[in-house]
Amino acid sequence: LKIYRSQGHEGSTPSLGTMIKAIFVDCGGTLFFVNGNNEPLLDFIRRHQNKYRFCIISDTTLDLEPSLHFFKIRDLFELVLTSGTTGFSKDKPEIYQLALNILKIKSEDVFFIDDHEEFLSVAKTLGIQTILYTTPETLARDLKTMTGE
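Owing to the predicted nature of the structure, the values given are computational and were not obtained by experimental measurement.

Remarks on the nonpolar core
Okay, step 1: By size, the foremost hydrophobic cluster in this structure holds 25 residues, and its most contacted members are Ile23, Leu31, Ile45, Phe77 and Ile113.
Okay, step 2: Only β2 (22–25), α1 (39–47), β5 (53–58), β7 (110–114) and α6 (136–147) provide two or more residues apiece to this core.
Okay, step 3: Here this core gets four residues from one element, more than from any other, and that element is α1.
Okay, step 4: Ignoring any residue separated from it by four or fewer positions in sequence, one finds Ile45 in contact with Val25, Leu31, Phe54, Leu76 and Phe77.

Next comes the structure, spelled out in structure tokens:
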């Protein structure tokens, strides 16, 4: 089991205006695309560093750390969990439960953004709120609804 935490976030308690304390984000197809990064989502994450704790949960077997550092976005995420580094896939609840345990937060205080309904369904079984990513425009609307901003 290989877990990456950002040193800058350890022990931090963000100032929260809503019950949402953390946002879990899928990587491939949500945060990154074949033709580049999801800049609207990254802008949201950058603007809300002091309000929410951000975590990547990905089904990749690759180590994402080099790519996150290359794009200079690693520090935006307190935690990065992948199927390859944890041994848990996103079609089972263990990877989400691991993130909750490491961050010491309750499932109802989190929402998860992913582009695959099957993974969102698994997260929902733990009580995690979800957003199905389809387009940047619908994500912006959904984030506004979920965060109350």
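Let's talk about the environment of Val80
Okay, step 1: Tracing the backbone through its elements, the reader meets Val80 in strand β6 (residues 79–82).
Okay, step 2: Put simply, Val80 and Cys27 are 53 residues apart on the chain and 9.8 Å apart in space, counted from C-alpha to C-alpha.

Let's talk about the confidence of the model for the protein
Okay, step 1: Here the protein averages 86 in pLDDT, and 87% of its residues register 70 or above.
Okay, step 2: This model gives residues 5–18 a pLDDT under 50, and the stretch forms 28 contacts once residues within four places in sequence are excluded.

Some words on unusual backbone geometry
Okay, step 1: The phi torsion at Lys72 lies on the positive side, around 60°, for a residue other than glycine.
Okay, step 2: When you line up the elements, Lys72 lands in the loop between α2 (65–70) and β6.
Okay, step 3: In this structure, Lys104 is a non-glycine residue whose phi angle is positive, near 55°.
Okay, step 4: Under the relative-accessibility criterion, Lys104 is labelled exposed at 73%.

Description of the pattern of salt bridges
Okay, step 1: Per the stated rule, a full pass over the model turns up nine salt bridges.
Okay, step 2: Of the charged contacts in the structure, one is a salt bridge between Asp43 and Arg46, with a shortest N-O distance of 3.3 Å. Here Asp43 and its partner Arg46 are both found in helix α1, three residues apart, which amounts to about one turn of the helix.
Okay, step 3: According to the relative accessible area criterion, Asp43 is partly exposed, its value standing at 34%.
Okay, step 4: Judged by relative accessible area, which is 39%, Arg46 ranks as partly exposed.
Okay, step 5: With its nearest N and O atoms 2.9 Å apart, the salt bridge here joins Arg74 to Glu65.
Okay, step 6: Take Glu65: its relative accessible area is 8%, and that puts it in the buried class.
Okay, step 7: Beyond isolated ion pairs, a larger network of salt bridges with shared partners links Asp26, Lys90 and Asp114.

Observations regarding helix α4 (residues 94–103)
Okay, step 1: The element α4 is largely enclosed, with a buried count of seven among its 10 residues.
Okay, step 2: Lys104, located one to two residues past α4, shows a positive phi value of around 55°.

Notes on the side chain of Thr30
Okay, step 1: Structurally, Thr30 is set in the loop between β2 and β3 (32–33).
Okay, step 2: Not counting the four nearest positions on each side in its chain, Thr30 is found in contact with Val25, Asn38, Leu41, Ile113, Asp114, Asp115 and Tyr133.

Analysis parameters
Residues numbered from 1 in each chain as written. Predicted model: local features only at pLDDT ≥ 70, side-chain atom pairs only at ≥ 80, totals over all residues. Heavy atoms only, no water. Core = buried A, V, L, I, M, F, W, Y, C linked by side-chain atoms within 4.5 Å. Buried < 20%, exposed > 50% of the residue type's maximum accessible area, 1.4 Å probe, protein only. Helix = DSSP H or I, 4+ residues; strand = E, 2+ residues; numbered from the N terminus. Contact = heavy atoms within 4.5 Å. pLDDT = per-residue confidence, 0-100. Salt bridge = Lys/Arg side-chain N within 4 Å of Asp/Glu carboxyl O.

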